[in-house]
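Listed below are the residues making up each chain.
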Amino acid sequence: MKIVLNGEMREVQAGTLADLLQECGFSGRVATAVNEGFVPSSLRNARKIKDGDRIEVVAPMQGG
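Keep in mind the model is a prediction, meaning the values are calculated, not measured.

The rules we used
- Residues numbered from 1 in each chain as written.
- Predicted model: local features only at pLDDT ≥ 70, side-chain atom pairs only at ≥ 80, totals over all residues.
- Heavy atoms only, no water.
- Helix = DSSP H or I, 4+ residues; strand = E, 2+ residues; numbered from the N terminus.
- Buried < 20%, exposed > 50% of the residue type's maximum accessible area, 1.4 Å probe, protein only.
- Areas by Shrake-Rupley, 256 points an atom, 1.4 Å probe, with all protein chains shown as cover.
- Pairing = 2+ DSSP bridges.
- Axes fitted to C-alpha atoms, helices over the stretch in contact; angles between N-to-C directions.

(A) Fine view of the overall build of the protein chain. What the protein chain contains, in helices and strands, is 1 helix and 5 strands. When the elements of the protein chain are put in sequence order from the N terminus, they spell out β-β-α-β-β-β. When the backbone C-alpha atoms are referred to their principal axes, the protein chain occupies close to 35 × 25 × 20 Å. Expressed as a percentage of its 64 residues, the buried residues of the protein chain come to 31%. Put simply, the protein chain shows about 4,500 Å² of open surface, and 50% of that area lies on carbon and sulfur atoms.

(B) Representation of the pairing of strand β3 (residues 31-34) within the structure. Pairing of β3 with strand β5 (residues 54-58) involves 4 bridges; the strand directions are antiparallel. Paired with V34 across the two strands is I55, which belongs to β5. Relative to strand β4 (residues 37-39), β3 is paired through 3 bridges, and the arrangement is antiparallel. By the bridge assignment, T32 is partnered in β4 with V39.

(C) Quick look at the sheet that holds β3. Ordered by their spatial adjacency, 5 strands build an open sheet running β2-β1-β5-β3-β4, and the pairing between neighbours is mixed. Each edge of the open sheet carries a strand with a single partner, namely β2 (8-11) and β4. For this sheet, the mean inter-axis angle between neighbouring strands, taken without regard to orientation, is 35 degrees. Relative to β2, strand β1 (residues 2-5) runs antiparallel, the two being bridged by 4 bridges. Across the sheet, the residue bridging to I3 is R10, located in β2.

(D) Main features of unusual backbone geometry. Backbone geometry at N6 places phi at a positive 50 degrees, although glycine is not the residue there. Inspection of the secondary structure puts N6 in the loop between β1 and β2. Classification of N6 by relative accessible area gives partly exposed; the value is 35%. At N35, a residue that is not glycine, the phi angle is positive and equals roughly 50 degrees. Relative to the helices and strands, N35 is located in the loop between β3 and β4. Take N35: its relative accessible area is 38%, and that puts it in the partly exposed class.

From the geometry alone we can't say anything about function, so treat these as descriptive.
Here's what the structure looks like:
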């Protein structure tokens, strides 16, 4: 399916948000949103993704 991940069109096989994170190589602590709605880490396994979804994944950065 085609989704928009962090502003970039991507073709992915994942069926859930958790699967997507693994497929795209995200690890550690990240914040996630689907179609501008925050998705807590406890709900990522249950959050299905579908064609055309806009997904944002943000990792905390150190420094300042």
